[in-house]
Amino acid sequence: METNGKNNLRAPLLRPSEDVAVNFTQGSPRNEKNTRKVMFRIRGIKCASCVVSIESAIGNMKGIESISVSPIQGQAVIRYRPEFINAKTIKEAIEDLHYEVDEFPEQEICVCLLRIKGMACTSCSESVERALLMVDGVKKAVVGLALEEAKIHFDPNVTDSDHLIEAIEDAGFGADLISSGDDLNKVHLKLEGLRSPEDAILIQSSLEATEGVNHVEIDPMGQKVTVAYDPDLTGPRSLIRCIEETGQGPNFFNARLHTPSRRRETERHQEIRAYKNLFLWSCLFSIPVLVFSMVLPMLSPIGDWLSYKLYNNLTTGIFLRWVLCTPVQFIIGWRFYIGSYHALKRGSSNMDVLVALGTNAAYFYSVYIVIKASTSRSFEGQDFFETSAMLISFILLGKYLEVMAKGKTSDALAKLTDLAPETAFLLNMNGDGNVISETEISTQLLQRNDVIKIVPGAKVPVDGIVIKGQSHVNESMITGEAKAIAKRPGDKVIGGTVNENGCILVKATHVGSDTALSQIVQLVEAAQLARAPVQKLADKISRFFVPTVVVAAFLTWLGWFIPGEAHLLPRSWIPKAMDGFELALQFGISVLVVACPCALGLATPTAVMVATGKGASQGVLIKGGNALEKAHKVKTVVFDKTGTLTVGKPAVVHTKIFTNMPLQEFCNWASAAEANSEHPLAKAVVGHAKKLHQLYGSYNDHTVEAKDFEVHPGAGVSANIGGKMVLVGNKRLMLAFQVPVSPEVQDYMSDAENLARTCVLVAVDGMICGAFAVSDPLKPEAGHVISFLNSMSISSIMVTGDNWATANVIARELGISTVFAETDPVGKAEKIKELQMKGLTVAMVGDGINDSPALVAADVGMAIGAGTDIAIEAADVVLMKSNLEDVITAIDLSRKTISRIKLNYMWALGYNILGMPVAAGVLFPFTGIRLPPWLAGACMAASSLSVVCSSLLLQSYKKPLHIQDVQGSDEYSSSV
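What you are looking at is a predicted structure, and each value in this text was computed from that prediction instead of being measured.

### Let's talk about the pattern of salt bridges
Tallied over the entire structure, the rule returns 13 salt bridges. A salt bridge links Glu192 to Arg256; the shortest N-O distance between them is 3.2 Å. Separated by 64 residues along the polypeptide, Glu192 in strand E9 (residues 186–192) and Arg256 in strand E12 (residues 254–257) bring together distant segments of the chain. The class of Glu192 is partly exposed, set by a relative accessible area of 35%. Given a relative accessible area of 44%, Arg256 falls into the partly exposed group. Between Glu885 and Lys959 there is a salt bridge, and its shortest N-O distance comes to 3.9 Å. Within this pair, whereas Glu885 is found in helix H29 (residues 885–919), its partner Lys959 is found in the segment after helix H31 (933–952), the two being separated by 74 residues in sequence. This pair shows no difference in class: Glu885 is buried, exactly as Lys959 is. Linked by salt bridges that have partners in common, Glu885, Asp886 and Lys959 make up one network.

Written as structure tokens, this is what we have:
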């Protein structure tokens, strides 16, 4: 999860000569903070006068700091103030002087994240995307409907976040800035001692002059300051110290940490509360309308007063329904008018258009009834005020339930963000490493290289390295690994995990947005924002869905109205107190409001949100809907060997004793001789001896000193230990020292070689006492995973740079039939492409830098979490706990999610396909069943809710394969 140095990879090392060279750099943080530099290639410069004309014309423009034109190279270097002018304006000004300026390629692309308000369906998210892409300088825009966010890549020379927000607001939606590229590491501080605007300017200047500060935003009225900074150069406590040192004399400044409320949660609660209040107010008016129109008229004589005529044929019941329905239609239902206006203004249509059309048709026809009844003594007609009021009430109820359910789709992500503790114990240490003082501070104030104390039961606040103490740490909340992991000095710990039984001192290595926890959250948020290819189906349908529904509603009205007026319908079909027009109108309104484009739009993003969040909680990070969709098609999994199928480092897998020497004594001789060697095999022998001594409770850190230690390249080592000559190495070393190799030893060496193991012989005083068989052992779960993949009809292939003999032995042990050995990194990628040419969807599982080309080439790249940063960056899926069983989890979760998405589409499409004909009255002639408009509105609300609840069922996902990693003792055998 390391991110250091990533920004250095953005700019190419060499630029093509035919391109315009453009350098975009920030000035130094002290004196050039607000200037930018841009370089153009200009054609047509012929002499010095051309240079003077360009420099004088551009130099006089407001915001230009300096300009230098080279006639020989045909280039202009301009430094400018971005708040007054941008690179595009400068380019156009040079072109106005009749010179040709080539289009410049952007060397720096900024990214910002915006919260979008007011989106109801896929049509809305598409409208926002179109509005953003129409802004000059925007290169890419992705809008997530379920997440209600937009991620925009743009050229800072041309536009900025303010213009992007304006474009969204012009499209009829609200927008707030969540973060920009420099906002990943931010601290919010509350200021004390501000007495004038000059004090605020003084503090801002001091902070901007501090090395590592990227941006300062101060609010003098609220006495708050927000600082974006580089954690490699500074930190929150340094910034607080800078503010306090700025105050002199009577102007004493103080700063403390200020935690702003979580905007996303606050806005969601506000939205839920708003819909709840609208629904309750709507019910306050709608229920009496329903009672006055359908209940009381049937309860004679209780409801007879409703038939009392106020004026001509205008009765008390109609008048009261009109009065009660009007606030619902125009005050409570005003949001549907606003949504419809903005949708039609941008040339699209959405659910608001359907609701507005349906309710207006019912309301204004009812108003026509009121007018006719009040102006005629003989007119009789049926009003539909209850249809309008109840329709709006049921739709608001559906939106209220939908917003509450949508909030639960990101529960897993919310739990991740809450893992880090609020406080930590900071230690102040002297030069000798002794603790001077201990202070409890907020986790947000921790800086890189701080030393913190973590007591038993406490959470680890940030990523770091243990420098003192031993303990076991429960990392299940991050990696999904149920078993507590032993931690000793030198081991890494992850922020958010729980220290179980020992007190440890940890040196912070990653803080703020650089911690593994923050990286996971950012990765999951990006995945939830990315659009899955399966979403394209909903996007295509949404483009013509609403117009089609409007046409269908109009044809339904015509289909019932014309036969009714022509007296072709049996009179028994038309309910009492209704005529043919009114019956046709009810059918038309029902068709308008029963159709639900929202359910289609929510089918994919809600499922992807739940799945990626659930995967993260299980230790499987899936980078977006594209990876999630491709993984379910995988038919072949290609495994790297070293570090993926195997542990990745040599270990003793078998011990053989050829004399009557006790096993522990034998290991003592070997480890004492190998203690001074840096060879991987030597480390394996020493580590094996330590484990053995720990197992039998006789381990201590003190080993017998080896004298006359000598390394024999390609053979082994020799040493004098306690007056005895000890040799540890291969057969060549034994023969060089004239140590006899018995047939028993020869047979053991042959058996080891057949199993692709390295045999390390140990001789004491000229006699071989025993041997170690060393190899890179298989991971305990590897065999189970390969077998389970076969049961899923997924073939397994191993590709490795190791030799054929070792590769074949490993493959036989695991049951892998296809092996590619002695393959370089480019060759691995070529093998992937060959498999893809056969029509296979291929997943690649690897961990090292040499695997990154293959991870990119594969349809789905899966990186082992303990692998290199480059491999993790190149992969589509990251397996956090480095356990191969999560390969199965990733594929199975993908299959379950795609199945859930298809089920959601069946709900949404099936509902619309069945609901619209019923609403149009197809069943009415045969069964007398019809769908009143208010009931059609309730069905529409239920369809969206059913899709969201269907996606939420993914929260109950469980791994198909769960292997208990039992760490048993090594296989020892001793024979005399």
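### A word on the packing of helix H9 (residues 334–345) against helix H10 (residues 351–375)
Viewed as axis vectors pointing N to C, H9 and H10 meet at an angle of 125°, and their least axial separation amounts to 8 Å. Accordingly, the angle class assigned to the pair H9 and H10 is oblique. Between H9 and H10 the crossing geometry is left-handed. Residue-level inspection shows Arg335, Phe336, Tyr337, Gly339, Ser340, Ala343 and Leu344 of H9 in contact with H10, the latter providing Met351, Asp352, Val353, Val355, Ala356 and Asn360. Its residues assigned to classes, the contact of H9 with H10 shows eight nonpolar, three polar and two charged.

### A closer look at the sheet that holds strand E2 (residues 64–70)
Strand order in the open sheet formed by four strands is E2-E3-E1-E4, with antiparallel pairing between adjacent strands. This sheet does not close on itself; its edge strands, each paired only once, are E2 and strand E4 (100–101). As judged from the two bridges shared by strand E1 (residues 36–43) and E4, these two strands associate in the antiparallel manner. Its bridge partner being in E4, Arg43 is matched across the sheet by Glu100. Most of the contacts of helix H1 (residues 48–59) go to E2, to which it runs at about 170°, and overall it touches E1 and E2. Across the sheet, helix H2 (residues 87–96) touches E1, E2, strand E3 (75–80) and E4, and the angle it forms with E1 is around 30°.

### Comments concerning the UniProt feature "transmembrane region" (unreviewed entry) in the protein chain
Sites flagged by UniProt as "transmembrane region" (unreviewed entry) map to residues 278–299, 319–338, 350–371, 383–401, 544–563, 583–604, 905–928 and 934–954. Within residues 544–563, the helical portion is 100% and the strand portion 0%, while the C-alpha atoms at the span's ends are 29 Å from each other. In residues 934–954, the share of helix is 90% and the share of strand is 0%. The end C-alpha atoms are 32 Å apart.

### Some words on the pairing of strand E27 (residues 706–712)
Judged from the five bridges that link them, E27 and strand E28 (residues 716–721) form a sheet pairing that is antiparallel. Directly across from Glu710, in E28, lies its bridge partner Ser718. Linkage of E27 to E28, two consecutive antiparallel strands, is achieved through a turn of three residues, within which Gly714 is found at a positive phi near 80°.

### Here's the deal with the sheet that holds strand E7 (residues 149–154)
The strand order E6-E7-E5-E8 describes an open sheet built from four strands, whose pairing is antiparallel. On the outer flanks of this sheet lie strand E6 (138–144) and strand E8 (174–180), each paired with one strand and no other. Sheet twist, expressed as the mean angle between neighbouring strand axes with direction ignored, is 25°. Bridging between strand E5 (residues 110–117) and E7 involves six bridges; their strand directions are antiparallel. Across the sheet, the residue bridging to Cys112 is Ile152, located in E7.

Reading guide: rules and limits
Counting restarts for each chain: residues are numbered from 1 in the order of the written sequence. Totals for whole chains, interfaces and linings use all residues, but because this is a predicted model, local features are given only for residues with pLDDT of at least 70 and pairs of side-chain atoms are given and counted only at 80 or more. Derived side-chain values reflect all non-hydrogen atoms in the structure, with water molecules and hydrogen atoms excluded from consideration. Each salt bridge in this description consists of a side-chain nitrogen of Lys or Arg and a carboxyl oxygen of Asp or Glu lying within 4 Å of one another. Strands here are runs of E lasting at least two residues and helices are runs of H or I lasting at least four, both read from the DSSP assignment and numbered beginning at the N terminus. Residue burial is assigned from relative accessible area. The probe radius is 1.4 Å, only protein chains are included, and a residue is buried under 20% of its type maximum, exposed over 50%, and partly exposed in between. Only the stretch in contact is used when a helix axis is fitted, and all axes are lines through C-alpha atoms; the angle between N-to-C directions ranges over 0 to 180 degrees. Should an angle fall under 35 degrees it is taken as roughly parallel, and over 145 as roughly antiparallel, whereas 65 to 115 is taken as roughly perpendicular and any remaining angle as oblique. Each helix crossing is assigned a hand: it is left-handed if the near helix lies turned anticlockwise from the far helix by less than a right angle, otherwise right-handed if that turn is clockwise. In this analysis, two residues are considered to be in contact whenever any of their non-hydrogen atoms come within 4.5 Å of each other. Here the term charged refers only to Asp, Glu, Lys and Arg, the term nonpolar to Ala, Val, Leu, Ile, Met, Phe, Trp, Tyr, Cys and Pro, and the term polar to all other amino acids, Gly among them. When DSSP finds at least two bridges between two strands, those strands are taken to pair. UniProt positions are given in the numbering used here, feature names are shortened, and annotations may be inferred rather than shown by experiment.

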